[in-house]
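Structural characterization, general
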Amino acid sequence: MTLAGKKPNLLDLSFHQLEALLVSLGEPPFRARQVWQWLWQKAVASPLSMTNLSKALRERLAEAAEIRMPRVAQKLESSDGTVKFVLDLDEGENAASIETVLIPEKTHYTQCLSTQAGCAMACTFCRTGQMGLTRNLTPGEILGQILVAKAHLAAVDTRLNLRNLVFMGMGEPLLNYNNLLQAIEALHHPQGLDFSTRRITVSTVGIVPGILEFGRSGMGALAVSLHAPTQELREKIMPKAAKALPLNKLIETLKQIPLKPRETITFEYVLLGGVNDSLQQAKELVRILSHVKGKVNLIAYNESPGLPYKTPDPAAVEAFQKALWDKGITVTLRKSKGRDIFAACGQLLAAHEMGEEKE
Ligand code: SF4
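Description of the site of the ligand
As a structural note, the neighbourhood of the ligand is formed by Cys-119, Met-121, Ala-122, Cys-123, Cys-126, Gly-129, Gly-171 and Val-205. Among the residues forming the shell around the ligand, the class breakdown is six nonpolar, two polar and no charged.

And the structure:
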């Protein structure tokens, strides 16, 4: 969790680890609640700013640990209100660059969070997938994205809250499973960021055993990046994921996840023009969904420089959506926001590294 020669980052500690640290400094365990509030509700930059602690404790804490927040390298605002943050993490050989996106909705904001710098899954339509994996994010780096977004909102828009979190940014969340779980546990803490499980969604291409463990944990909703209704096509557009967990096994695995009466599994399906958007493919998708209690989010692909896919024809999108509706499947056509700043689905990447980003 910590780098050699560096002090521990308080943002990387679980609540219990923070209690243990304070006990080691001669404090009672309950002191952790105060420190936790300073970290996650007041977002202070240093233990020295925790003014309801004694001066001696503040100094001992600052001696033992520090607070390292992601640094905002770029903030790009779209004409539709979407904001993408390019964040720099850590330094030296552990330096990494990630992105997180804040999306305005009618009544609240949703934040799309990254769990890895880059991604090893190499899905062929995804810009992040072309980078390869740099490294996993620590729990504090995952949660630090939320602190950055909250600081931005406190400065520019206090009318609407950040309410929903989707782990759909850079990386495959279930390949950074332990850090993801620690971050989500911290999110639920009432003295901390205090997000309800109903407001948290983890999106995965389907990684075992994490998909089953997370699905059974009740810690958040599950979204599955399906993107193809047959194993053959899935192998073409997301070969690593399809080979690691073939489609029939993915569906069998999903059937084992217990769902409460109103819960469903969301299937993400990016419509790639002329590739996976035919009526025949819609029928095949209906057949798959007859086995799982699921709903579908359709996303019309955004063309991306250097990738071979095309935006689907609007008529094909409409027909695909209708084919699902007609079979009683709940389907949403998700508007891809932030297209003009490369913040839309499948477009996340430290594009400034490639000299393509607009200021
Ligand atoms: S779609 Fe998700 S899993 Fe696939 S390469 Fe992109 S970030 Fe990784």
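That was the structure; now back to the text.
What about the packing of aromatic side chains?
The tally for this structure, following the rule as stated, stands at four aromatic pairs. Both rings, one in Trp-36 and one in Trp-40, keep their centres 5.9 Å apart while their planes meet at 65 degrees; by these two values the pair is edge-to-face. With Trp-36 and Trp-40 both in helix α2 (residues 31-40) and four residues apart, the pair spans about one turn of that helix. Each member of the pair Trp-36 and Trp-40 is classed as buried. Aromatic rings pair up to connect Phe-15, Trp-36 and Trp-40 into one cluster. Over the ring of Trp-38 we find Lys-42; its NZ or CZ atom is 4.2 Å from the centre of that ring.

Focus on the packing of helix α10 (residues 279-289) against helix α11 (residues 314-326)
Running from amino to carboxyl end, α10 crosses α11 at an angle of 30 degrees, the nearest separation of the two axes being 9 Å. If you check the angle between α10 and α11, you find them roughly parallel. The hand of the α10/α11 crossing is right-handed. For the pair α10 and α11, contact is made by Leu-279, Gln-281, Ala-282, Leu-285 and Val-286 and by Ala-319, Phe-320, Ala-323 and Leu-324, respectively. Class assignment for the residues of the contact of α10 with α11 results in eight nonpolar, one polar and no charged.

Digging into the nonpolar core
Leu-10, Met-50, Leu-187 and Leu-254 are the most contacted members of the largest nonpolar core, which has 106 residues in total. Among residues more than four places away in sequence, those in contact with Leu-187 are Leu-143, Ile-146, Leu-165, Phe-167, Leu-193, Asp-194, Phe-195 and Ile-200.

Quick notes on α11
For α11, with 13 residues, the first-to-last C-alpha span of 18 Å sits near the 18 Å given by 1.5 Å per residue. Lining the buried residues of α11 we find β10 (265-271), α10, β11 (294-300) and β12 (331-334). Just downstream of α11, Gly-328 is the residue with a positive phi angle, here 80 degrees.

Quick notes on the sheet that holds β11
Ordered by their spatial adjacency, 10 strands build an open sheet running β1-β2-β3-β4-β7-β8-β9-β10-β11-β12, and the pairing between neighbours is mixed. This sheet does not close on itself; its edge strands, each paired only once, are β1 (71-77) and β12. Going across the sheet, the axis of each strand differs from the next one's by a mean of 25 degrees, ignoring polarity. Each of β1, β2 (83-89), β3 (96-104), β4 (108-112) and β7 (161-167) touches helix α4 (residues 139-156); the most contacted strand, β2, lies at about 135 degrees to it. Its contacts with the sheet place helix α6 (residues 210-217) against β8 (200-204) and β9 (221-225), and it is angled at close to 150 degrees to β9.

Describing the domain arrangement of the protein
Domain parsing of the protein yields domain 1 (10-64) and domain 2 (71-354). If you average the C-alpha positions of domain 1 and of domain 2, the two centres end up 33 Å apart. Opposite the 13 residues of domain 1 that make contact, domain 2 presents 13 residues. A buried area of about 1,000 Å², summed over both sides, lies between domain 1 and domain 2, and 63% of it is on carbon and sulfur atoms. Counting the contacts that link domain 1 with domain 2 gives zero salt bridges. At the boundary of domain 1 and domain 2, one finds seven residue pairs in polar contact (both at pLDDT 80 or more). Of all the secondary structure elements, the ones that give two or more residues to the side of domain 1 that touches domain 2 are α1 (15-24) and α2. No other element matches α2, which puts five residues into the side of domain 1 that touches domain 2.

The rules behind each value
- Residues numbered from 1 in each chain as written.
- Predicted model: local features only at pLDDT ≥ 70, side-chain atom pairs only at ≥ 80, totals over all residues.
- Heavy atoms only, no water.
- Near = heavy atom within 4 Å.
- Nonpolar A, V, L, I, M, F, W, Y, C, P; charged D, E, K, R; others polar.
- Phe/Tyr/Trp six-rings, centres within 6.5 Å; stacked < 30°, edge-to-face > 60°.
- Helix = DSSP H or I, 4+ residues; strand = E, 2+ residues; numbered from the N terminus.
- Buried < 20%, exposed > 50% of the residue type's maximum accessible area, 1.4 Å probe, protein only.
- Lys NZ or Arg CZ within 6 Å of the ring centre and 35° of its normal.
- Axes fitted to C-alpha atoms, helices over the stretch in contact; angles between N-to-C directions.
- Parallel < 35°, antiparallel > 145°, perpendicular 65-115°, else oblique.
- Left-handed = near helix turned anticlockwise from the far one by under 90°.
- Contact = heavy atoms within 4.5 Å.
- Core = buried A, V, L, I, M, F, W, Y, C linked by side-chain atoms within 4.5 Å.
- Expected span 1.5 Å × (residues − 1).
- Pairing = 2+ DSSP bridges.
- Domains from an automatic or database assignment.
- Buried area = accessible area lost by both parts, 1.4 Å probe.
- Salt bridge = Lys/Arg side-chain N within 4 Å of Asp/Glu carboxyl O.
- Polar contact = N/O pair within 3.5 Å; in protein donor to acceptor, adjacent residues only side chain to side chain.

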